[in-house]
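# Tertiary structure, described
Now for the letters of each chain:
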Amino acid sequence: MASKIKKGDRVVVLSGRNKDKTGEVLKVLLQEDRVIVQGVNVVKRHTRPSQMSGGGIVEKEAPIHISNLAIEDPTDGKPTRVGFKFLDDGRKVRFAKRSGEVIDS
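Residues numbered from 1 in each chain as written. Predicted model: local features only at pLDDT ≥ 70, side-chain atom pairs only at ≥ 80, totals over all residues. Heavy atoms only, no water.

Turning to the pattern of salt bridges, a few remarks are in order. One pass over the structure, following the stated rule, counts six salt bridges. Between R94 and D9 there is a salt bridge, and its shortest N-O distance comes to 2.8 Å. Taken as a pair, R94 in strand β10 (residues 92–96) and D9 in the segment before β1 (10–13) lie far apart in primary sequence, 85 residues in all. Note that K44 and E59 form a salt bridge whose closest N and O atoms lie 3.9 Å from each other. Of this pair, K44 sits in strand β4 (residues 42–47) while E59 is found in strand β5 (residues 56–61), placing the two residues 15 residues apart along the sequence. Considered together, K44 and E59 belong to a single accessibility category, that of exposed residues. One network of salt bridges, in which partners are shared, links D9, R94 and D104. (Salt bridge = Lys/Arg side-chain N within 4 Å of Asp/Glu carboxyl O. Helix = DSSP H or I, 4+ residues; strand = E, 2+ residues; numbered from the N terminus. Buried < 20%, exposed > 50% of the residue type's maximum accessible area, 1.4 Å probe, protein only.)

Quick look at the structure:
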């Protein structure tokens, strides 16, 4: 099943300790229905020194479940649901149900 949220989308967090935060989707983990969002759900990892890094406490984004996210409406920045429709040239695009604005360019 294809996800309604894709890499590069601007999303709003609907619930949890990061509620109302916004960010850009960095990665979509389709198998687990989770998404990594820039600046949201930041956790601290205690890493051991290796050849690549010096170790220490590293802050990184942890995955957040897709059900806790909504796409940001392109017109007013508020959370919106996503629908699909076909354009006149036959392309299938996503659109914001709140404003009717096309999300895919």
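Tallied over the entire structure, the rule returns zero aromatic pairs. K85 extends its terminal NZ or CZ atom over the ring of F95, reaching a point 5.0 Å from the ring centre. Here the basic side chain of K92 rests over the ring of F84, its NZ or CZ set 4.8 Å away from the ring centre. (Phe/Tyr/Trp six-rings, centres within 6.5 Å; stacked < 30°, edge-to-face > 60°. Lys NZ or Arg CZ within 6 Å of the ring centre and 35° of its normal.)

Tracing the sequence through the fold places E101 in the segment after β10. The exposure class assigned to E101 is partly exposed, which follows from its relative accessible area of 37%. Counting along the chain gives 52 residues from E101 to P49, while the straight-line C-alpha distance between them is 48 Å. With residues near it in sequence (within four places) discarded, E101 still touches P74, T75, F95 and A96. (Contact = heavy atoms within 4.5 Å.)

Attention now moves to the nonpolar core. Nonpolar side chains tend toward joint burial in soluble globular proteins. Ranked by size, the top nonpolar core spans eleven residues in total: I5, V11, V13, V25, V35, V37, V40, I64, L69, I71 and V82. If you list the elements that add at least two residues to this core, you get β1, β3 (34–37) and β7 (69–72). Leaving out residues up to four positions away in the same chain, V35 has contacts with V25, K27, V28, A62, P63, I64, I66 and L69. (Core = buried A, V, L, I, M, F, W, Y, C linked by side-chain atoms within 4.5 Å.)

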